[in-house]
Amino acid sequence: MNSPIGHKIWAIPEGYIPSQSTGPDPEFTSHETACILNAGDNEANIEITIYFTDKDPVGPYKLKVPARRTLHLRFNNLKDPQELPRDTDYASVIRSDVPIVVQHTRLDSRQAENALLTTIAYSVNE
C-alpha cells in the first residue's frame, strides 16, 4: 500500500490562455496545464472551479485521475460546463477527495521564441 502524498486542495492564482500560437498544433499551441499526480492507491475525483476578475466563477469541471497515475490537463481542453475564454485572466481552485500533487505549466507560443514557465501550485492542509 502506497502512503498518500500531496493535499486535497490546490490553488493556481495565475491563469491566461493566449488566443494566438506559433508552431505546429497541438505541440506548440499556447496553453495552461495542471500536471496532477495521484500517487495513492485510490482514484482521485477532482473538481476545478475557475475564478475571473470581473464575473462569477465557473465550475465545477469534473475529472478523475486513476490511482498511481498522472494527468497533464490542458485548461484549453476544459469544455463542460463551458469553454475557458482566451486572452482572459483567471485563477483556479482544484479540489480532490484524495491527496494529489499539482504543478502548473504555461506555454506561451505567441512569438517564434517560445516561453515556458512552471511552478508548484499552492496547497492547503485540511
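Residues numbered from 1 in each chain as written. Predicted model: local features only at pLDDT ≥ 70, side-chain atom pairs only at ≥ 80, totals over all residues. Heavy atoms only, no water.

Going by the annotation in an unreviewed UniProt entry, the name recorded for the protein is Sensory rhodopsin transducer, with Nitrosomonas communis given as the source organism.

Caption draft 1: The arrangement of the side chain of T33 in detail. On the secondary structure map, T33 appears in strand β2 (residues 31-38). Setting aside residues up to four positions removed in sequence, T33 forms contacts with H72, L73, R74, F75, Q103, H104 and T105. (Helix = DSSP H or I, 4+ residues; strand = E, 2+ residues; numbered from the N terminus. Contact = heavy atoms within 4.5 Å.)

Caption draft 2: Examining the packing of aromatic side chains more closely. Counting across every chain of the model gives 1 aromatic pair. Measuring from ring centre to ring centre gives 5.9 Å for F75 and Y90, while their planes differ by 45°; the resulting arrangement is tilted. Of this pair, F75 sits in the loop between β5 (69-74) and β6 (90-108) while Y90 sits in strand β6, and the two are 15 residues apart along the sequence. In this pair, the class of F75 matches that of Y90, namely buried. A cation over an aromatic ring shows up here: K55 above the ring of F52, its NZ or CZ 4.6 Å from the ring centre. (Phe/Tyr/Trp six-rings, centres within 6.5 Å; stacked < 30°, edge-to-face > 60°. Buried < 20%, exposed > 50% of the residue type's maximum accessible area, 1.4 Å probe, protein only. Lys NZ or Arg CZ within 6 Å of the ring centre and 35° of its normal.)

Caption draft 3: Looking closely at empty space enclosed by the protein. Within this structure, the stated rule accounts for 1 cavity of 30 Å³ or more. Mapped by element, the contributors of at least two residues to the lining of the largest cavity are β1 (7-15) and β6. For the lining of the largest cavity, the leading source of residues is β6, giving 4 residues. Counted by class, the lining of the largest cavity contains 4 nonpolar, 3 polar and 2 charged residues. (1 Å grid on protein atoms, 1.4 Å probe; cavity = no way out; pocket = protein on both sides within 12 Å on 5 of 7 lines; lining within 4 Å. Points joined across faces, edges and corners; volume = space filled by probe spheres on them. Nonpolar A, V, L, I, M, F, W, Y, C, P; charged D, E, K, R; others polar.)

Caption draft 4: Geometry of the nonpolar core. Ranked by size, the top nonpolar core spans 24 residues in total, and within it I46, I48, F75, L84, I94 and V102 carry the most contacts. Of all the secondary structure elements, the ones that give two or more residues to this core are β1, β2, β3 (44-52), β4 (58-65) and β6. Filtering out sequence-adjacent residues up to four positions away, I46 remains in contact with I36, Y61, K62, L63, V65, I94, R95, S96 and I100. (Core = buried A, V, L, I, M, F, W, Y, C linked by side-chain atoms within 4.5 Å.)

Caption draft 5: Inspection of the side chain of S96 at higher detail. Checked against the element boundaries, S96 lands in strand β6. Taking relative accessible area as the criterion, S96 reaches 9% and is therefore assigned buried. From its side chain, S96 meets the backbone oxygen of V98 in a polar contact 2.7 Å long. If we ignore the near neighbours within four places in the chain, the residues touching S96 are K8, A44, N45 and I46. (Polar contact = N/O pair within 3.5 Å; in protein donor to acceptor, adjacent residues only side chain to side chain.)

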